[in-house]
Structure formats: C-alpha cells, structure tokens
Amino acid sequence: MYVADGWKDYEVIDTGGGEKLERWGDIILRRPDPQIIWPLTSETSEWQQVHGHYHRSSSGGGNWDMKKPVPERWTIGYKQLKFHIKPTSFKHTGLFPEQAANWSWMMDKISAAGRPISVLNLFAYTGGATVAAAAAGASVVHVDAAKGMVQWAKENVQLSGLSDRPVRFITDDVFKFVQREQRRGNRYDAIIMDPPSYGRGPSGETWKLEQSLYPFLESCMEIISDEPLFLLINSYTTGISPSILHNMLSMTMKPKYGGSISTGEIGLPISRSGLNLPCGILGRWEA
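Here's what I pulled together on the structure shown here.

Parameters at a glance
Residues numbered from 1 in each chain as written. Predicted model: local features only at pLDDT ≥ 70, side-chain atom pairs only at ≥ 80, totals over all residues. Heavy atoms only, no water. Core = buried A, V, L, I, M, F, W, Y, C linked by side-chain atoms within 4.5 Å. Buried < 20%, exposed > 50% of the residue type's maximum accessible area, 1.4 Å probe, protein only. Helix = DSSP H or I, 4+ residues; strand = E, 2+ residues; numbered from the N terminus. Contact = heavy atoms within 4.5 Å. Phe/Tyr/Trp six-rings, centres within 6.5 Å; stacked < 30°, edge-to-face > 60°. Lys NZ or Arg CZ within 6 Å of the ring centre and 35° of its normal. Axes fitted to C-alpha atoms, helices over the stretch in contact; angles between N-to-C directions. Parallel < 35°, antiparallel > 145°, perpendicular 65-115°, else oblique. Left-handed = near helix turned anticlockwise from the far one by under 90°. Pairing = 2+ DSSP bridges. Salt bridge = Lys/Arg side-chain N within 4 Å of Asp/Glu carboxyl O.

**Notes on the nonpolar core**
Next up, step 1: Counting 49 residues, the largest nonpolar core has Trp7, Leu81, Trp103, Ile110, Val119 and Phe230 as its most contacted members.
Next up, step 2: Looking at which element gives the most residues to this core, the answer is helix 2 (residues 100–112), with seven residues.
Next up, step 3: Residues Phe177, Leu213, Ile233 and Ile261 belong to the second largest nonpolar core, which totals 31 residues.

**What to know about the side chain of His51**
Next up, step 1: Within the element layout of this structure, His51 appears in the loop between helix 1 (45–48) and strand 5 (52–56).
Next up, step 2: On the basis of relative accessibility, which here comes to 13%, the residue His51 falls in the buried class.
Next up, step 3: Ignoring sequence-local partners within four residues, the contact set of His51 consists of Asp26, Ile27, Ile28, Asp65, Met66, Lys67, Lys68, Pro69 and Val70.

**Examining the packing of aromatic side chains**
Next up, step 1: Scanning the model with the defined rule gives 13 aromatic pairs in all.
Next up, step 2: Centroid distance Phe175 to Phe216: 5.2 Å. Interplanar angle 65 degrees. Geometry classified as edge-to-face. Linking Phe175 in helix 5 (residues 174–184) with Phe216 in helix 6 (residues 209–221), this pair joins segments that are 41 residues apart in sequence.
Next up, step 3: One aromatic cluster in this structure is built from Trp7, Tyr10, Trp24, Tyr78, Phe83 and Trp103.
Next up, step 4: Stacked on the ring of Tyr2, the Lys or Arg Arg284 has its end atom at 4.6 Å from the ring centre.

**Section: the packing of helix 2 against helix 3 (residues 128–135)**
Next up, step 1: Direction vectors running N to C along helix 2 and helix 3 enclose 30 degrees, while the axes themselves pass 8 Å from each other. The orientation of helix 2 with respect to helix 3, classified from their angle, is roughly parallel. Where helix 2 crosses over helix 3, the two elements pack in a sense that is right-handed. Residues Trp103, Met106, Met107 and Ile110 of helix 2 pack against Gly128, Ala129, Ala132, Ala133 and Ala135 of helix 3.

**Here's the deal with the sheet that holds strand 11 (residues 167–171)**
Next up, step 1: With mixed pairing, the eight strands of this open sheet are ordered in space as 1-16-17-15-12-9-10-11. The open sheet has two free edges, formed respectively by strand 1 (2–3) and strand 11, since each of these has just one partner strand.
Next up, step 2: Direction of pairing for strand 9 (residues 118–122) relative to strand 12 (residues 190–193): parallel, over a ladder of four bridges. In the sheet register, Val119 faces strand 12, and the bridge partner there is Ala190.
Next up, step 3: The strands touched by helix 3 within the sheet are strand 9, strand 10 (139–144), strand 11 and strand 12, with strand 10 carrying the most contacts at an inclination of about 175 degrees.

**Some remarks on the pattern of salt bridges**
Next up, step 1: Counting across every chain of the model gives 16 salt bridges.
Next up, step 2: The partner of Lys86 in a salt bridge is Glu72, with the nearest N and O atoms 3.7 Å apart. Within this pair, whereas Lys86 is found in the loop between strand 8 (81–85) and helix 2, its partner Glu72 is found in the loop between strand 6 (62–66) and strand 7 (74–78), the two being separated by 14 residues in sequence.
Next up, step 3: A residue is classified by how much of its surface remains accessible, and Lys86, at 33% relative accessible area, is partly exposed.

**Examining the pairing of strand 12**
Next up, step 1: The alternating pattern of strand 12 places Ala190 and Ile192 on one face and Ile191 and Met193 on the opposite face, and all of these are buried.
Next up, step 2: Inspection of the sheet shows strand 12 paired to strand 15 (residues 230–235) by four bridges, in the parallel sense. Across the sheet, residue Ile191 finds its bridge partner in strand 15, namely Leu231.

**Considering unusual backbone geometry**
Next up, step 1: The phi angle at Lys91 is positive, at roughly 85 degrees, despite the residue not being glycine.
Next up, step 2: One can find Lys91 in the loop between strand 8 and helix 2.

Written out as structure tokens, the structure reads:
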C-alpha cells in the first residue's frame, strides 16, 4: 500500500463501525466510510466531542450535524502546499488527503527531470495534484467539468503562493478536451487522471468508468509527448483492482515507451490502531 504518512495538519485518529474520526487542522470531523467494515472497539469521548458529524440518509445523501462552531472554510498544509477545506453537502471536504502519497512522488519526478515538464491534470477536482506539480516547477493544464471545483482549484493555487506559475484552468468535458488537444497537436510530458465511477459533462455527456476508461486512456496516448515522464491513474471505483490498472498500462504505455509500472492500494495511517485505512487504488507508469 502507498501510505500518505507525511501529514502534520491531517490525521485519521480512529476508525470503526463504518465511520472515521479525522482531524483537519484543529477541526475534528466524523464521517462515514464504506471501507470501514470492522467494529469500533471503543467510542471514546473524542468520538462524541467532534465539531461535525456527517449522517448518511437511508434514502441517499445525508447531512452534517455541526456540534461546535466551524468556519465556513479553513486552511491546512502539506509540506509547502496549502488547501482550503470546506465540508460539502455530499460528505466531502474538498481534499483527498491520501493523495499526498502521489503528490510527493510526482514532485520528486518533476524536480529530478532536469527539463521543462508539461502536466495535464484530468478530472482534476480542487487541484491537489495541480498545486503539487506547479510547486515542483511544471507547467500545468487543469481540466474538470465542474465550474465550482475549478474555482476552488484556482484558490488553492493562489493560497500556495503559486499564482505566477504557468497553470491554465479549463472547465470542460474531459473526453472532449482531450480530443481537441489531439486535433491541435498539443502534447504533454505527464498525464494525471482521477476518473469518477460515473459522471456527466457540462453538456450532459455520460461517463461510466467500466466502459469509458480504456478508450479514454487510448485517447490520452495521442497527446503524450515523445519523451513522457509519467502517467498516473487514480480510482475509487468499487470492484476495480490494481491489476486492472496494471493491465491497461501494460497494453498502452509499456509497448510504446517501455518504462516501469507500479500499482496498488493507496491509504492513510490510523493513529489509534496503527493500521492503515485503504482509500482507493492507483496505477503509475514512469519512464
């Protein structure tokens, strides 16, 4: 497992009973997590004295029960990177802290490349990878279909003191954007993608990972430069194993560029138990 164990401003304090107890800076939140199918051994006072508790609804969705005053949004940092945190109506906070394992890896790759690196971040959400790549010296094109997420990413770049870096923000259907880049002849040294299980583009375009990921990866092959640095796929889709990502990268990147492939789970350390919380999977191709 690739464990994001370099955090100071974030912590998984405890887990159990389908929930996790987390510290985001000074704010303690209690949120459901479908991976946590083991029992809670001891519901200490810390579980009860949280700032906010997200309750799932039996009919879908859910709501926050804020037990203590919480700012509309606040800031946490990872190394030199800064991010706005805000509890959303759909349980998320605007950041997936386990991705720090990928941020550190890509920053090392970009810094050590010894040449200008252009990065394309697809399904880019609030820009964790965009901020990391820009901080390491890359030029970045950030693409997401949700206008609000793109604005949030812009704020994270500014918050990290990277407003002067070459970052382009684009609100668009990701598949259509890649097709246009093919026609324009634009190429990238590194591609990052975090495709959803299911989604719709701004014009109603439908994305279903099981049907769409491989043809999308093939499309991305057309906009990879002649000397690519890396390609990273993240997935949170239930039923998709690391071996599937390994096979896809072996059928696309490996035959053309050689290099190496590494896949596996990505997760976070749990302070109280000393165990690791699995959060998703990743597939990395690197030169």
